[in-house]
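# Commentary on secondary and tertiary structure
What follows is each chain in one-letter form.
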Amino acid sequence: MNQSTLSQFGARFPQLAQELGQANLEMLLDGASIQEVAPERTVIRDRMPVDCIYFVLDGTLDVYIEQEGKSKKIATIKPGEWMGEISVLSGEFLASATIISNSPCKLLRVHHITFGKLITENETVAKVLLDHFIALMAQRFRKPLTHA
């Protein structure tokens, strides 16, 4: 992982980066890749396999669920947030929603094998990441649903 990516991650996820510390952050990002996404591209499709957690560095993405045969927008994901965590943490590796970019996006992809290995082998990383994932989920549940 290059210094530029570490810096970008630290700028978008300052608290997470600080709590992990340099060595643990480098382990998390080791093998991670940057994905550039054009507007109106599907990044994750509902009920399809997901093998990565995506940390959003730049851009915004809309989250849709299928309801009564129609696609309903329920949220927007912004820089400093992540996606794909439900599929990875559930162990099912299937998406729970469709996520489509609505602007050019820069995503940092961490493969679920890397994530799983870190949280099973490193108690500090496990606690920090799981605490942040729980906080993110709580924040998402507190937000009113978008009526699109």
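These remarks concern the structure in this document. (Residues numbered from 1 in each chain as written. Predicted model: local features only at pLDDT ≥ 70, side-chain atom pairs only at ≥ 80, totals over all residues. Heavy atoms only, no water.)

### Considerations on the overall build of the protein chain
- Broken down by element type, the protein chain carries five helices and eight strands.
- Across the protein chain, helices and strands are ordered from the amino to the carboxyl terminus as α-α-β-β-β-β-β-β-α-β-β-α-α.
- Projected onto the principal axes, the alpha-carbon positions of the protein chain cover approximately 45 × 30 × 25 Å.
- Burial status across the protein chain gives 41% buried among its 148 residues.
- Of the contacts formed within the protein chain by residues at least 6 apart in sequence, a portion of 76% connects residues at least 24 apart.
- Accessible surface, the protein chain: about 8,200 Å² in total, of which carbon and sulfur atoms supply 53%.
- One way to put it: in the protein chain the 15 positive side-chain charges average out to a point 7 Å from where the 17 negative ones average out. (Helix = DSSP H or I, 4+ residues; strand = E, 2+ residues; numbered from the N terminus. Buried < 20%, exposed > 50% of the residue type's maximum accessible area, 1.4 Å probe, protein only. Contact = heavy atoms within 4.5 Å. Areas by Shrake-Rupley, 256 points an atom, 1.4 Å probe, with all protein chains shown as cover. Lys, Arg positive; Asp, Glu negative; His and termini not counted. Charge placed at Lys NZ, Arg CZ, Asp CG, Glu CD.)

### Remarks on the pairing of strand β4 (residues 61–67)
- Strand direction decides the pairing type here: β4 and strand β5 (residues 70–77), joined by seven bridges, are antiparallel. Counted as the bridge partner of Y64 is K73 from β5.
- Between β4 and β5, which follow one another and run antiparallel, lie two residues, and E68 among them has a positive phi close to 55 degrees. (Pairing = 2+ DSSP bridges.)

### Looking at the packing of aromatic side chains
- Scanning all chains against the criterion turns up seven aromatic pairs.
- Seen in terms of ring centroids, W82 and F133 are 5.1 Å apart; in terms of plane orientation they differ by 85 degrees. Their pairing is edge-to-face. In this pair, W82 sits in strand β6 (residues 82–83) while F133 sits in helix α5 (residues 123–142), placing the two residues 51 residues apart along the sequence. Comparing W82 with F133, the two get one shared label, buried.
- By the ring-pair criterion, three or more aromatic residues cluster together here, those being F9, F13, F55, W82, F115 and F133. (Phe/Tyr/Trp six-rings, centres within 6.5 Å; stacked < 30°, edge-to-face > 60°.)

### Quick word on the sheet that holds strand β3 (residues 52–58)
- With antiparallel pairing, four strands are arranged side by side in an open sheet as β1-β8-β3-β6. The sheet is open, and its two edges are formed by β1 (33–37) and β6, each paired on a single side.
- As defined by bridge partners, β1 adjoins strand β8 (residues 105–111) across five bridges and the pair is classed as antiparallel. Bridge pairing in β8 links I34 to L108.
- The strands touched by helix α1 (residues 3–12) within the sheet are β1, β3 and β8, with β3 carrying the most contacts at an inclination of about 80 degrees.
- Running over the sheet, helix α4 (residues 112–121) touches β3 and β8 and is turned about 55 degrees from β8. (Axes fitted to C-alpha atoms, helices over the stretch in contact; angles between N-to-C directions.)

### Observations concerning the pairing of β8
- Where burial is concerned, most of β8 is hidden: five out of the seven residues are buried.
- Across six bridges, β3 lies against β8 in antiparallel orientation. Along β8, the bridge assignment pairs Y54 with R109.

### Topic: the environment of A135
- Secondary-structure assignment places A135 in helix α5.
- It is 22 Å that separates the C-alpha atoms of A135 and Q22, two residues lying 113 residues apart in sequence.

### With respect to the nonpolar core
- Residues F9, L16, L25, L28, L29, F55 and W82 are the most contacted members of the largest nonpolar core, which totals 24 residues.
- Elements represented by at least two residues in this core include exactly α1, α2 (14–29), β3, β8, α4 and α5.
- Element by element, the count of residues in this core is highest for α2, at six residues.
- When residues no more than four places from it in sequence are discounted, the contact partners of L16 are F9, F55, W82, V128, L129 and H132. (Core = buried A, V, L, I, M, F, W, Y, C linked by side-chain atoms within 4.5 Å.)

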